[in-house]
Amino acid sequence: MAQPKHDLPATTAGTVLGTYLRAQATAFLRGLRLHEEGAASGSAEGSEAARSLRGAARRISCSLSTFRAVADSSWADSLRTELVWLSTTLADEHAYGARLSRLMDALQRLSGSPEVPAPRGTAGSLTVGSARAGALLERQLTLARTRAHSATLQALGSSRFHAVADAVAVLASEVPLDPVAARGRVDEVLAPLAEVARSRLSTAVHSLPAPSPSHPYDADHDSSWNEVRRLLRVHRYAQEALGGDVARLTAAGEALTRHRDAAEAAAASATAARTPRIAPATAYALGVLHADQRHEVEASRATFQHIWQPADSSHAGV
């Protein structure tokens, strides 16, 4: 693994980690301000601000986990728990909206595609059923999104959230560090901790089930891939903190994000298909949609492996 380069070889672990955490805390506070302004004005910028807010929260929480030995451990554990709660809460509303858009786009694409055959005796079933399938999905996912939005508003107005925001505001100017570990050199303290994150990721990738062309719609392996996505994010943020090149890791992460999105969209279409008393044409359209999204899952897995393999063979940038 190539070690990150710093202008000063003797830069302490506390200096590097503190600089990164303060930068992410500042990004968090900026995202929070923009989110509040967007929510007040009804601007679409609120969604982007929420994404920025979640990203900063994840970077702080992951860094406090990876480099826990360098920070004040009790403080790090407490703040990390609260940031995970916050980022998860904020993610739900966006996820339901994005899932609905993804499924509507796929239905429109599939309905006009001659490559999707209707079974014998049901010519035109996809076209006929897609409108009803879309209406059913919109009803179910819009309801879920509305509930998530209410949960987000409740969370942002809670004393728990205000305590988190206050803690991050303090972090923007002062990082509680372990006085001994913080004085260590980067290559002796931070780099070995980052290597642990890389090793866990590599182990998880090598443990992924082998692809099975005969079962492209099998969702049993999704959880293993989602765990790789989580570990990849932890590793990428560790490399960011050390000033490493994360371009390849970012591309691999995007492939796994598409994997997750397609898998969750497929699950949503399957759930809708189990709705009682829906018309056969609607069920057929939802089945085609499910198969389409599972194909997207397989394609995303292949993309990730293509990106990962060259790096994995030499551990360069991984």
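Just above sits the structure.
Residues numbered from 1 in each chain as written. Predicted model: local features only at pLDDT ≥ 70, side-chain atom pairs only at ≥ 80, totals over all residues. Heavy atoms only, no water.

**Observations regarding the packing of helix 3 (residues 73-111) against helix 8 (residues 247-273)**
At a minimum axis separation of 10 Å, helix 3 and helix 8 run at an interaxial angle of 75 degrees. As far as their axial angle goes, helix 8 and helix 3 are roughly perpendicular. Residues Arg-99, Arg-102 and Leu-103 of helix 3 touch helix 8, and the partners they reach there are Arg-258, Asp-261, Ala-262, Glu-264, Ala-265 and Ala-268. Of the residues contributing to the contact of helix 3 with helix 8, the split by class is 4 nonpolar, no polar and 5 charged. (Axes fitted to C-alpha atoms, helices over the stretch in contact; angles between N-to-C directions. Helix = DSSP H or I, 4+ residues; strand = E, 2+ residues; numbered from the N terminus. Parallel < 35°, antiparallel > 145°, perpendicular 65-115°, else oblique. Contact = heavy atoms within 4.5 Å. Nonpolar A, V, L, I, M, F, W, Y, C, P; charged D, E, K, R; others polar.)

**Here we look at the side chain of Gln-293**
Following the sequence through the fold, Gln-293 ends up in helix 9 (residues 280-314). Looking at Gln-293, the relative accessible area reads 2%, which means it is buried. For Gln-293, the contacting residues outside a window of four places in its chain are Arg-102, Leu-103, Ala-106, Arg-109, Ala-262, Ala-265 and Ala-266. (Buried < 20%, exposed > 50% of the residue type's maximum accessible area, 1.4 Å probe, protein only.)

**A look at the pattern of salt bridges**
A complete count under the given rule lists 15 salt bridges for this structure. Between Arg-51 and Glu-48 there is a salt bridge whose closest N-O contact spans 2.5 Å. Of the two residues, Arg-51 and Glu-48 are both situated in helix 2 (residues 45-66); the distance of 3 residues between them amounts to about one turn of the helix. Overall, the relative accessible area of 43% leaves Glu-48 in the partly exposed class. Its salt-bridge partner being Glu-298, residue Arg-301 comes within 3.4 Å of it at the nearest N-O pair. (Salt bridge = Lys/Arg side-chain N within 4 Å of Asp/Glu carboxyl O.)

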